[in-house]
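Structure at a glance
If you want the building blocks of each chain, they are given just below.
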Amino acid sequence: MTAVDVARIRDDFPILDQLINGKPLVYLDNAATTQKPRPVIDAISNYYLHNNSNVHRGVHTLSQRATDDYEAGREAIRRFINAPDASEIIYVRGTTEGLNLVASSYGRKFFKAGDEVIITGMEHHSNIVPWQILGKEIGIRLRVIPFNDQGELLMDEYEGMLNDRTRLVSVVHQSNALGTINPVSAIVELAHARGVPVMLDTAQSVPHMPIDVQDLGVDFATFSGHKMYGPTGIGVLWGRADLLNEMPPYQTGGEMIRSVTFEETIYNVLPHKFEAGTPDIAGAIGLGAAVEYLEAIGMGRIAAYEQALMRYGAERLAEIEGVRLIGTAANRGGVLSFYMEAAHAHDIGTILDAEGIAVRTGHHCAQPVMARYEIPATVRASLSFYNTTEEIDALIKGIDRVIEVFG
Ligand SMILES: Cc1ncc(COP(=O)(O)O)c(CN[C@@H](CS)C(=O)O)c1O
């Protein structure tokens with residue numbers, strides 16, 4: 001993407017054109033949530049302005065229009081991740097709910113006391129805590145794949161963990177704290193050799209690179225709409241139909257049933273079995289618009305642009321004495337996490353905000369990662385295709401200001 005392309009893209013994001021503390025906003029917190037382009041905002045407004053109605057089983061025009069748009073969003077997502085069938089696309093609130101759904105439904109169906117789930121040491125809390133709860137309830141064991149100082153998984157350790165009690169491998173594709181992009185194909189190959197399914201947390205990869213769930217060979221994948229330029233409150237769990245059909249519903253009530261008597265309930269078919277109650281209709285329509293927006297730019301172009309920007313940022317940060325980059329895997333995405341002895345991450349973030357620069361500071365819901373590096377927190381700049389090298393330069397200038405203040 002050229003600078004001209006980026007300038008035109010930035011016109012689609014009105015929020016980026018504002019001053020913060022008298023300085024141009026430099027939004028570098030995209031791993032937390034991304035900004036929304038006009039087509040997404042317009043699609044949501046259009047629904048509420050002209051088509052607002054509840055979906056499915058409606059016999060009036062507005063309901064049919066809303067249902068058509070809601071299901072068109074599902075088909076757009078299927079296409080975007082190259083899932084075999086739209087019925088395998090389950091709308092959830094976000095990655096957290098997707099992970100909880102699999103832990104709760106797949107976990108209670110297929111795990112027995114003494115069984116094991118394998119995760120990595122760089123997981124987001126939403127792929128740690130649900131398994132701990134299942135561990136307490138059913139007596140399953142959590143196995144954790146360690147990683148080296150660069151933030152790369154120790155694959156030999158992983159291979160050694162797989163055994164006859166392993167019921168699921170559940171791992172992050174791209175770490176939100178380190179940027180590491182994990183070797184999914186190798187992880188899948190070893191797991192499938194033992195007949196073990198793989199769940200992939202794609203919260204940080206779907207928005208930033210091409211994702212083909214069939215090519216990856218995974219069995220589940222989950223992500224959040226708000227991290228891929230769509231609205232908050234809507235996300236996706238994709239799963240292989242044969243597994244989803246075996247799994248009990250996660251929540252129950254309307255929409256997810258075929259018939260209910262006081263004696264028995266017959267569940268609905270996929271995807272509806274896992275979509276109880278009135279869904280986030282506007283969110284799904286907005287997410288469908290976000291998919292179309294990203295497809296028009298091209299995920300390959302986005303990945304290449306963000307990769308170049310991250311490498312530029314890493315080079316600039318390496319020039320500053322006292323800045324320690326956390327997460328230096330050879331294969332990593334648009335995340336620049338760093339630590340400075342001179343000041344706590346929160347103080348650094350505050351000074352950067354005074355310069356108009358928005359970064360995330362803290363443990364990023366990955367406290368085991370901070371413990372591994374023996375640091376309390378990092379400052380994390382996370383990139384998007386609407387960021388520029390000039391914004392990286394502004395970040396560097398802001399860090400120089402931090403050093404002025406804290407010495
Ligand atoms: C890898 C990964 N996995 C799961 C989640 C949860 O996504 P939700 O949309 O909140 O459900 C996140 C969200 N990470 C945010 C909030 S902590 C971050 O600032 O890094 C994530 O990065």
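Keep in mind it's a predicted model, so treat the numbers as computed, not measured. (Residues numbered from 1 in each chain as written. Predicted model: local features only at pLDDT ≥ 70, side-chain atom pairs only at ≥ 80, totals over all residues. Heavy atoms only, no water.)

**Some details on unusual backbone geometry**
Residue Pro271 follows Leu270 across a cis peptide bond; omega there is -5°. Here Pro271 is to be found in the loop between strand E12 (265-267) and helix H10 (281-297). Despite not being glycine, Tyr229 shows a phi value in the positive range, around 70°. Here Tyr229 shows up in the loop between strand E9 (220-224) and strand E10 (235-239). (Helix = DSSP H or I, 4+ residues; strand = E, 2+ residues; numbered from the N terminus.)

**Points about the domain arrangement of the chain**
Domains assigned within the chain are domain 1 (6-30 + 298-406) and domain 2 (41-296). Averaged C-alpha coordinates put domain 1 and domain 2 at centres separated by 28 Å. Every contact between the two is made by 35 residues of domain 1 and, on the other side, 31 residues of domain 2. Taken over both partners, the interface formed by domain 1 and domain 2 buries close to 2600 Å², and the fraction arising from carbon and sulfur atoms is 54%. It is Met299, Cys365 and Arg372 that lose the most area in domain 1 upon contact with domain 2, and together they represent 22% of the buried surface on that side. Counting every contact that joins domain 1 to domain 2 gives one salt bridge. Two residues, Arg372 and Asp149, come together in a salt bridge whose shortest N-O distance is 2.9 Å. In this assembly, domain 1 and domain 2 are joined by 21 residue pairs in polar contact (both at pLDDT 80 or more). At six residues, helix H13 (residues 367-373) tops the list of elements feeding residues into the side of domain 1 that touches domain 2. Residue classes in the side of domain 1 that touches domain 2 are distributed as 18 nonpolar, 12 polar and five charged. (Domains from an automatic or database assignment. Contact = heavy atoms within 4.5 Å. Buried area = accessible area lost by both parts, 1.4 Å probe. Salt bridge = Lys/Arg side-chain N within 4 Å of Asp/Glu carboxyl O. Polar contact = N/O pair within 3.5 Å; in protein donor to acceptor, adjacent residues only side chain to side chain. Nonpolar A, V, L, I, M, F, W, Y, C, P; charged D, E, K, R; others polar.)

**Remarks on the environment of Asp393**
Tracing the chain through its elements places Asp393 in helix H14 (residues 389-406). Apart from the residues within four sequence positions on either side, Asp393 is in contact with Tyr312 and Arg316. Here Arg316 takes part through its side chain, which lies 2.8 Å from a polar atom of the side chain of Asp393.

**Remarks on the sheet that holds strand E14 (residues 335-340)**
Spatially, E13-E14-E17-E16 is the arrangement adopted by the four strands of the open sheet, whose pairing is antiparallel. Where the open sheet ends on each side, the last strands, each with one partner, are strand E13 (323-325) and strand E16 (360-362). Taken over all neighbouring pairs, the strand axes of this sheet differ in orientation by 30° on average, direction set aside. Bridge analysis of E14 against strand E17 (residues 378-382) gives four bridges, and the strand direction is antiparallel. (Pairing = 2+ DSSP bridges. Axes fitted to C-alpha atoms, helices over the stretch in contact; angles between N-to-C directions.)

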